[in-house]
Amino acid sequence: MLRWLKRILLTLLVLVGLALGVTYAWSHAILTAEHPAAPRAIAVSDDPATLARGERLAQVYGCYMGCHGKDMEGYVFFEDPLFGKGVAPHLTAAVRNYTPEQFEAIVRQGIRPDGSGIVAMPSASFSTMTDQDLSAIYSFIAAYPEQPGTDLGDTTLYPLARLFLVLGEFELAAEEIKDRPWPAERLDDPLSHGAYLAQNACSECHGLDLAGQEGFTPPLVIAKAYDRDTFRKLMATGVGIDESRDLGLMAGVSERRFSQMTEEEVDH
């Protein structure tokens, strides 16, 4: 009996080892597959008005005082022993290591300079960002003093996350992108401008279809419950219709990021 138990245990260990090996090899192939980036030049400016606009937009979209840290020095936004570690890179260093075209491919196409796809970067949200907006943001980051930062390492996937990647539970940023950068004149229409802002600023949390993410965020259609004044208040302060209710993530995001939107942008 003991001999059979040992054989069963050994067989199970071999099968688990094979499963781990296949999962690692398959996920490695996905993570290292080459994605051709479209060559897109973005302008760099030292114009004070452009830099000021870039600072505001960098905060609205989470680059500055957001996902990448208070001074864009990098930030570990997720760490779990089964899933892995998510690192928002040190932007003030990255902007000096990459060309503007490489920076554009990372942000709007989800592709690194070596052609590999990026994990945990909301490039699909930013894929429609206009050249003018990205240029202003890049120019601001490039002009910002380089921060000392610390070596946070890279985003790393542990076994369970690699399994989910193989099973198609999530995709690399480059594979999620369905759209191209919008021309600036498309934003002249208020409705289009609103759709643009919703994708670039809201879809990171509420999903690319803005239908929300179960257990995390509600469908964005919930905004219809707000009139203009209460919606402006929500975006500026994170305080909802029921002022006694803690809106959690939305409260923090509104205070740090959406408070930098103009009234015109919020109205769109």
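Residues numbered from 1 in each chain as written. Predicted model: local features only at pLDDT ≥ 70, side-chain atom pairs only at ≥ 80, totals over all residues. Heavy atoms only, no water.

### Focus: the pairing of strand S1 (residues 75-80)
Moving residue by residue along a regular strand, the side chains alternate between the two faces of the sheet. This is how the line gets drawn: Strand pairing is assigned whenever DSSP detects at least two bridges linking the two strands. Secondary structure elements are defined from DSSP: runs of H or I of at least 4 residues count as helices, runs of E of at least 2 residues count as strands, and each element is numbered from the N terminus.
Here S1 pairs with strand S2 (residues 84-88) via 5 bridges, running antiparallel. For Phe78, the partnering residue across the bridge sits in S2 and is Gly86. Connecting S1 to the antiparallel partner S2 that follows it, the hairpin turn spans 3 residues.

### Considerations on the layout of surface pockets
Rules: With a 1 Å grid laid over protein atoms only, a set of points is called a cavity when a 1.4 Å probe fits there but cannot get out and a pocket when it is open yet has protein on both sides within 12 Å along at least five of seven lines; lining residues have an atom within 4 Å of a point. Grid points are joined across faces, edges and corners, and a volume is the space filled by probe spheres set on the points. For this classification, Asp, Glu, Lys and Arg are treated as charged, while Ala, Val, Leu, Ile, Met, Phe, Trp, Tyr, Cys and Pro are nonpolar and the rest, including Gly, are polar.
Taken as a whole, the second largest pocket encloses approximately 1100 Å³ of empty space. If you go around the second largest pocket, you meet 42 residues; those closest to its centre are Leu220, Ile222, Ala223, Phe231 and Leu234. Those elements that place two or more of their residues in the lining of the second largest pocket are helix H9 (190-206), helix H10 (228-237), helix H11 (249-256) and helix H12 (263-267). Broken down by element, the residue count for the lining of the second largest pocket peaks at 9 residues, all from H9. Class assignment for the residues of the lining of the second largest pocket results in 27 nonpolar, 6 polar and 9 charged.

### Topic: the side chain of His206
Worth spelling out the cut-off: Polar contacts, as counted here, are pairs of nitrogen or oxygen atoms within 3.5 Å of one another; within protein the pair requires one atom able to donate a hydrogen and one able to accept it, and residues that are adjacent in sequence qualify only if both atoms are side-chain atoms.
Relative to the helices and strands, His206 is located in helix H9. A distance of 2.8 Å separates a polar atom in the side chain of His206 from the backbone oxygen of Pro218.

### Notes on the packing of aromatic side chains
Inclusion rule: Any pair of Phe, Tyr and Trp rings, taking the six-membered ring for Trp, is counted once the centres come within 6.5 Å. Such a pair is stacked with planes under 30 degrees apart, edge-to-face with planes over 60 apart, and tilted for the rest. Buried, partly exposed and exposed residues are distinguished by accessible area as a fraction of the type maximum, computed with a 1.4 Å probe on protein chains only: under 20%, between the cut-offs, and over 50%, respectively. Our definition puts a charge over a ring when NZ of Lys or CZ of Arg is within 6 Å of the ring centre and also within 35 degrees of the ring normal.
Counted by the stated rule, this structure contains 8 aromatic pairs. Look at Phe103 and Tyr138: their rings are 4.9 Å apart centre to centre, the planes differ by 70 degrees, and that puts the pair in the edge-to-face class. Placement of Phe103 in helix H4 (residues 100-109) and of Tyr138 in helix H6 (residues 131-143) is noted, with a sequence separation of 35 residues between them. In this structure, Phe103 and Tyr138 share a single accessibility class: buried. The interplanar angle of 70 degrees and the centroid separation of 6.2 Å between the aromatic rings of Tyr226 and Phe231 together place this pair among those described as edge-to-face. Grouped by ring-pair contacts, the aromatic residues Tyr64, Phe140 and Tyr144 constitute a single cluster. Here Arg186 stacks its cationic end above the ring of Trp182, 3.6 Å away from the centre of that ring.

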